Amino acid sequence: MELIDAFDTAFKEWDRLVHEVGERQWHDPTPCSEWDVRDLVNHLVGEHLWAPHLLDGETLAQVGDRFDGDLLGDAPVAMWEQAGSASRSAFHRKGALRGDVHVTGGKTPATEYGWQMTTDLAVHGWDLAQGIGVRSRMPDELADAVFDHIAPEAQSWHEAGIFDPPVAVPDDAVPQERLVALLGRRP
């Protein structure tokens, strides 16, 4: 699966799930122990507000702290729609995935940044589905593509505290279960 196809597939599922959050579910827990549903959506809104700036070559200092704190206000779904629309357009802009972008660890290839954003959409989509009590519809092809891309880096991410240690799954686990278990979730 090509990067932009993986991004679009993960994006579509995340978008579906945000639109399924019930009015009384915003403070329900998620598998991310420090985040409830609202915090999780706020995290992705922030990431997607950053994306157009980073893909346009801005540095972290140029973006500054404008996307810190609560970004959802009284309209969390509308804020996701705004952030997601801008991000999706930025990723689809001709040439957007060429060159480098500035991230916390320094410069990284735009394609690597694209895979990081795709991973966030896919895995946090699973987290959101768990938090609101619906089934995640992550296609096997997407789960396999993200797993294959991040597996070589997963150990260093665990050591850096970005994700919890992997969870063992049976050999016959479906691709989605293998992916979320790799990143410390219990499927």
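Our subject in this report is the structure included herewith.

Definitions and limits used
- Residues numbered from 1 in each chain as written.
- Predicted model: local features only at pLDDT ≥ 70, side-chain atom pairs only at ≥ 80, totals over all residues.
- Heavy atoms only, no water.
- Axes fitted to C-alpha atoms, helices over the stretch in contact; angles between N-to-C directions.
- Helix = DSSP H or I, 4+ residues; strand = E, 2+ residues; numbered from the N terminus.
- Parallel < 35°, antiparallel > 145°, perpendicular 65-115°, else oblique.
- Contact = heavy atoms within 4.5 Å.
- Nonpolar A, V, L, I, M, F, W, Y, C, P; charged D, E, K, R; others polar.
- Core = buried A, V, L, I, M, F, W, Y, C linked by side-chain atoms within 4.5 Å.
- Buried < 20%, exposed > 50% of the residue type's maximum accessible area, 1.4 Å probe, protein only.
- Pairing = 2+ DSSP bridges.
- Salt bridge = Lys/Arg side-chain N within 4 Å of Asp/Glu carboxyl O.
- Expected span 1.5 Å × (residues − 1).
- Phe/Tyr/Trp six-rings, centres within 6.5 Å; stacked < 30°, edge-to-face > 60°.
- Lys NZ or Arg CZ within 6 Å of the ring centre and 35° of its normal.

Some thoughts on the packing of helix α1 (residues 3–20) against helix α4 (residues 76–92)
Right, so step 1: Two elements in contact, α1 and α4, have axes separated by 11 Å at closest approach and are oriented at 175°. One finds that α1 runs roughly antiparallel with respect to α4. Counting all contacts with α1, which are made through Ile-4, Phe-7, Asp-8, Phe-11, Trp-14, Asp-15, Val-18 and His-19, the residues of α4 involved are Val-77, Trp-80, Glu-81, Gly-84, Ser-85, Ser-87, Arg-88, Phe-91 and His-92.
Right, so step 2: Residue composition of the contact of α1 with α4, grouped by class: 8 nonpolar, 5 polar and 4 charged.

Digging into the nonpolar core
Right, so step 1: By size, the foremost hydrophobic cluster in this structure holds 57 residues, and its most contacted members are Trp-14, Val-41, Val-45, Tyr-113, Leu-121, Leu-128 and Leu-179.
Right, so step 2: Taken together, the elements giving at least two residues each to this core come down to α1, α2 (37–55), α4, β1 (100–103), α5 (110–132), α6 (140–159) and α7 (175–182).
Right, so step 3: The greatest single-element share of this core, amounting to 11 residues, is contributed by α5.

Regarding the pairing of strand β2 (residues 106–109)
Right, so step 1: When β1 meets β2, the two strands line up antiparallel, connected through 4 bridges. Of the residues in β2, the one forming a bridge with His-102 is Lys-107.
Right, so step 2: Two successive antiparallel strands, β1 and β2, enclose a turn made up of 2 residues.

Some details on the pattern of salt bridges
Right, so step 1: Per the stated rule, a full pass over the model turns up 8 salt bridges.
Right, so step 2: Arg-38 serves as the salt-bridge partner of Asp-70, at 3.0 Å between the closest nitrogen and oxygen. Of this pair, Asp-70 sits in the loop between α3 (60–63) and α4 while Arg-38 sits in helix α2; the two residues are 32 residues apart in sequence, bridging distant segments of the chain.
Right, so step 3: Residue Asp-70 is classed as exposed on the basis of its relative accessible area of 52%.
Right, so step 4: Here Arg-185 ties to Asp-127 by a salt bridge, and the two come within 2.7 Å at their closest N and O atoms. You can see Arg-185 sitting in the segment after α7 and its partner Asp-127 sitting in helix α5, a full 58 residues away along the chain. Comparing Arg-185 with Asp-127, the two get one shared label, buried.
Right, so step 5: Three or more residues joined by partner-sharing salt bridges are found here, namely Glu-13, Arg-16 and Glu-20.

Some points on α4
Right, so step 1: Along its 17 residues, α4 runs 24 Å from first to last C-alpha, staying within 8% of the 24 Å computed at 1.5 Å per residue.
Right, so step 2: Turning to α4, the residues buried within the fold contact α1, α2 and α5.

A look at the packing of aromatic side chains
Right, so step 1: Summed over all chains, the structure comprises 7 aromatic pairs.
Right, so step 2: For the ring pair Trp-157 and Phe-163, a centre distance of 5.7 Å and an interplane angle of 40° mean the geometry is tilted.
Right, so step 3: A relative accessible area of 15% means that Trp-157 is categorised as buried.
Right, so step 4: One aromatic cluster is present, built from ring pairs that chain together Phe-7, Phe-11, Trp-14, Trp-80, Phe-91 and Tyr-113.
Right, so step 5: Taking NZ or CZ as reference, Arg-178 lies 4.1 Å from the ring centre of Phe-147, over its face.

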